[in-house]
Amino acid sequence: MAKEIERKFLVASDGWREEADGGTNLLQAYIVTMDDRSARVRLMDDARAKLTIKIGNGSMTRDEFEYDIPVDDAKELMSKAIGLVIEKTRYEVIHGGFVWEVDVYRGAHEGLVIAEVELSAEGDTPELPAWLGTEVTGDPRYSNQFLATNPLASRNDHELSYSPF
């Protein structure tokens, strides 16, 4: 069983952009959601797709099972999404030996920018880049599941999370 151990932060400035890769366009939809588990489908650059099942309470560590699926299956599953289909571009930034994923949201959550770092153990202490803002690890309001299933979540709900650029 795979474990996902990650920390999540709001992004306070665009300093990450100079070190970022070219980005991947993502569409992400939830087909099952519960308080402690979810099943989602993700389409990447309209060319690859994954089905992911996560089980856990939203803390730093959760069980994660992820599988490649056909793009056509992903599109069919997305048509059955619960709530919104999340639209974002994910950029990777290498900093201090860790890979940071910076998600720049489009669509309903335009302006939201969140950075995550995956860890190999909860005790890992990555150097925090200067462009990070407040840590939101474990705050359910910043989970993609919440953003997808609470379509009325507005900029006012996340006023600290919207990037100033």
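Coordinates for the structure precede this section.
Summary of the structure given here. (Residues numbered from 1 in each chain as written. Predicted model: local features only at pLDDT ≥ 70, side-chain atom pairs only at ≥ 80, totals over all residues. Heavy atoms only, no water.)

Bringing the environment of P151 into the picture now. Considering the arrangement of structural elements, one finds P151 in the segment after α2 (144-149). Judged by its relative accessible area of 47%, P151 falls in the partly exposed class. For the pair P151 and V85, spaced 66 residues apart in the sequence, the C-alpha separation amounts to 9.8 Å. (Helix = DSSP H or I, 4+ residues; strand = E, 2+ residues; numbered from the N terminus. Buried < 20%, exposed > 50% of the residue type's maximum accessible area, 1.4 Å probe, protein only.)

All right, on to the pattern of salt bridges then. Counted according to the given criterion, the structure contains 16 salt bridges. E4 is paired through a salt bridge with K54; the nearest N and O atoms lie 2.8 Å apart. Within this pair, whereas E4 is found in strand β1 (residues 2-11), its partner K54 is found in strand β4 (residues 48-55), the two being separated by 50 residues in sequence. Across the pair, K54 and E4 agree in class, each one buried. The partner of E101 in a salt bridge is R90, and the shortest N-O contact between them spans 3.4 Å. With a gap of 11 residues between them, E101 in strand β7 (residues 98-106) and R90 in strand β6 (residues 82-95) connect regions that are remote in the sequence. Both residues of the pair, E101 and R90, count as buried. Each of E4, E6, K54, R62 and E64 takes part in salt bridges that share partners, so that together they form one network. (Salt bridge = Lys/Arg side-chain N within 4 Å of Asp/Glu carboxyl O.)

The next thing to look at is the nonpolar core. Counting residues in each nonpolar core, the largest one holds 16 residues, and the members touching the most others are V11, W16, W100, V102, A115 and W131. Secondary structure elements with two or more residues in this core: β1, β6, β7 and β8 (113-118). The element best represented in this core is β7, accounting for 4 residues. Setting aside chain neighbours within four positions, we find A115 in contact with R7, K8, F9, V11, W100, E101, V102, W131 and L132. Formed by 10 residues, the second largest nonpolar core is a distinct cluster that contains L10, Y105, L112 and Y142. (Core = buried A, V, L, I, M, F, W, Y, C linked by side-chain atoms within 4.5 Å. Contact = heavy atoms within 4.5 Å.)

A separate point is helix α1 (residues 71-78). Those residues of α1 not exposed but buried are V71, A74 and M78. Each buried residue of α1 sits inside an arc of 60 degrees when the element is viewed along its axis, so together they form one side. (Arc of directions from axis to C-beta.)

What follows covers the side chain of D103. Residue placement: D103 occurs in strand β7. Among the polar contacts listed, one links the side chain of D103 to the side chain of K88, at a separation of 3.0 Å. Side-chain polar atoms of D103 contact the side chain of R90, separated by 2.7 Å. Residues contacting D103, with those up to four places away along its chain left out, are K88, T89, R90, L112, V113 and I114. (Polar contact = N/O pair within 3.5 Å; in protein donor to acceptor, adjacent residues only side chain to side chain.)

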